[in-house]
Amino acid sequence: MILSHVGFTLLKREELFMSFSACIFDMDGVLLDSEPFWRRAEREIFSQVGIHLTEEDCVETMGIRIDEVVRYRFNQHPSHYPPIEDVAQRIVNRVAELVESEGRPLPGVITALDFLQEQQIPLALASSSSAQLITTTLKALKLEKFFPLWHSAEGEPYGKPHPAVYLATCAKLGVQPHLCLAIEDSLNGVIAAKAARMTCVAVPEKAVAKLPQFAIADVTLNSLAELPEVWAALNA
């Protein structure tokens with residue numbers, strides 16, 4: 001387990017953990033290891049329109065809303081393409097297929113969710129993914145009972161790293177962002193959470209875990225299974 005402290009003493013951080021009004025989870029890469037699904041889908045669908053991406057290319061856009069990813073790639077490789085919305089939807093459909101056939105909760109997810117419910121912390125989901133993919137994922141992973149409230153960035157003017165999806169989710173919950181804990185895996189997601197003035201726990205995948213930029217997260221974990229341990233240590 002790795003702990004990083006940014007701008008707070010241990011006492012102040014203890015107070016923050018004790019006063020959370022809600023915990024808001026990202027979905028992709030936090031609840032399930034779907035980032036490989038996104039990379040597979042992006043490489044497959046983009047190759048069909050003549051854009052050939054590497055795994056590293058796809059890692060670059062982790063956490064960004066898919067229509068913005070498509071626009072970014074089209075701008076990188078100017079040509080005649082189908083409408084952005086069509087290509088984005090094809091990618092989403094392919095990811096949904098992979099989630100339904102191969103999706104499993106990441107280690108520690110159920111432990112963390114059960115623990116937070118025991119603390120009587122309201123839970124919500126704030127994702128760059130579409131409503132279609134959120135409902136598909138929650139159903140496939142049997143996590144619907146944990147997230148009666150969720151919000152997709154697809155209807156926001158901007159996706160992550162803009163904080164809009166987090167601010168809208170807090171508004172739905174009726175809580176102040178600075179009293180919320182965010183759980184993220186991507187750097188773009190962490191930036192969004194911190195821009196919303198939330199406390200952020202990062203659980204990055206191994207491919208990006210060593211990026212020094214993750215120092216902006218308040219706490220960095222190897223797995224969500226460590227969340228109860230962190231919670232107890234900071235509230236001792």
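Structure shown above.
Thresholds, definitions, all that
Residues numbered from 1 in each chain as written. Predicted model: local features only at pLDDT ≥ 70, side-chain atom pairs only at ≥ 80, totals over all residues. Heavy atoms only, no water. Pairing = 2+ DSSP bridges. Helix = DSSP H or I, 4+ residues; strand = E, 2+ residues; numbered from the N terminus. Contact = heavy atoms within 4.5 Å. Axes fitted to C-alpha atoms, helices over the stretch in contact; angles between N-to-C directions. Parallel < 35°, antiparallel > 145°, perpendicular 65-115°, else oblique. Left-handed = near helix turned anticlockwise from the far one by under 90°. Nonpolar A, V, L, I, M, F, W, Y, C, P; charged D, E, K, R; others polar.

## Some points on the sheet that holds strand β4 (residues 180-184)
Two strands in a sheet stick together by hydrogen bonds in their backbones, pointing the same way (parallel) or opposite ways (antiparallel). Spatially, β3-β2-β1-β4-β5-β6 is the arrangement adopted by the six strands of the open sheet, whose pairing is parallel. This sheet does not close on itself; its edge strands, each paired only once, are β3 (150-152) and β6 (219-220). Summarising the sheet, strand β2 (residues 123-127) and β3 pair through three bridges and their orientation is parallel. If you follow L125 over to β3, its bridge partner there is W150. Contacting β4 and β5 (199-202), helix α9 (residues 187-195) runs over the sheet at an angle of about 165 degrees to β5.

## Observations concerning the packing of helix α2 (residues 35-48) against helix α4 (residues 66-76)
Relative orientation of the contacting elements α2 and α4 amounts to 45 degrees, with a least axis distance of 13 Å. On the basis of their axis angle, the class for α2 and α4 is oblique. The interaxial crossing formed by α2 with α4 has right-handed handedness. Here W38, E42 and F46 of α2 lie close against α4, whose contacting residues are I66, V69, V70, R73 and F74. Classifying every residue of the contact of α2 with α4 by side-chain character gives six nonpolar, no polar and two charged.

Any link to function would need more than the numbers given here.
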